Amino acid sequence: MNDTAKRQEKTIYVTRSGLPLSFELRWPFHPSTSGADFWVLHGDIRLESSEGLHAPVAVNLSATVREVLPSLEPKDTEGPVINALRKDVDHRQLEFVKSGKMVPMHFSSRHYDFKRAKWIFGKASEQEMEELVARKVYWQTRVVGGSVWVGDPTEALYVETTPAHVVETARKLAQQGLMTLEGEHAAANASLMAQAEKFEAEMRAALEELEKKHAYERG
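Bear in mind the structure is a predicted one, so any value in this text is a computation, not a measurement. (Residues numbered from 1 in each chain as written. Predicted model: local features only at pLDDT ≥ 70, side-chain atom pairs only at ≥ 80, totals over all residues. Heavy atoms only, no water.)

Scanning the chain for helices and strands turns up eight helices and 10 strands. For a compact globule of 219 residues, the expected C-alpha radius of gyration is about 17 Å, and the chain comes in at 17 Å, within 12% of that figure. Here the C-alpha coordinates of the chain stretch approximately 55 × 40 × 30 Å along the principal axes. Counting the 219 residues in the chain, one finds 45% classified as buried. In the chain, the proportion of contacts linking residues at least 24 apart, taken out of those at least 6 apart, comes to 65%. (Helix = DSSP H or I, 4+ residues; strand = E, 2+ residues; numbered from the N terminus. Rg over C-alpha atoms; globule rule 2.2 N^0.38 Å. Buried < 20%, exposed > 50% of the residue type's maximum accessible area, 1.4 Å probe, protein only. Contact = heavy atoms within 4.5 Å.)

Looking now at the confidence of the model for the chain. Taken residue by residue, the chain gives an average pLDDT of 91. The fraction at 70 or more is 95%. Under a pLDDT of 50 for its full length, residues 1-8 has, in the predicted model, 10 contacts with residues more than four places off or in other chains. (pLDDT = per-residue confidence, 0-100.)

Our focus in this paragraph is the packing of aromatic side chains. Under the definition given, this model contains eight aromatic pairs. Relative to Trp-139, the ring of Tyr-138 has its centre 5.0 Å away and its plane inclined at 80 degrees; by these criteria the two rings are edge-to-face. Here the guanidinium or amino end of Arg-86 rests over the ring plane of Tyr-158, the centre of that ring lying 3.5 Å away. (Phe/Tyr/Trp six-rings, centres within 6.5 Å; stacked < 30°, edge-to-face > 60°. Lys NZ or Arg CZ within 6 Å of the ring centre and 35° of its normal.)

Before going further, it helps to examine the sheet that holds strand E8 (residues 148-149). Strands sit in the order E8-E10-E9 across an open sheet of three strands; the sheet is antiparallel. What marks the edges here is a single partner per strand, and that holds for E8 and strand E9 (179-182). (Pairing = 2+ DSSP bridges.)

Take a look at the structure:
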């Protein structure tokens, strides 16, 4: 199964604080109409399991980062864009509302290490890896159902590791009886889904912290 086929259904990506997100990216990137030297991609981030909360965004790709990308096609930009947006949610830069105007997000060199020629979104500890995989499998099952592709390169990029390492983390959770693993796909077991109260409490706490930050900024 190729990457495109694996992404046909809605994919849930979870922030480090526990917010389950889905992304609608409206390809392609297009040159800015303002005369500035950057490219723009419009999109919408939806906070799953909420009452219609979302964050419309305009991803502004800088000329500096454009130079390191093989192309502006989804195969070369989708993972870094999703993770840059996810990182902005981690840093409480984006606000989820029921309506609202589009917010610019700067997809710039702050996400790229030119010396090592690699994307940087923050390396995770083993415990953080286990939390991320458990949350991903829970929320993907809760929102979409079916098996969950844990070998997704976008997930590995988010925590600066390899897809094989993410799959190995899922294998550890499978050994604990939380999920069943077949190749790179995981199926949640009853013991994982029984932790619904924990995962949803983490989501509510993370959303409350994000909303407090934006309420403070509005005065």
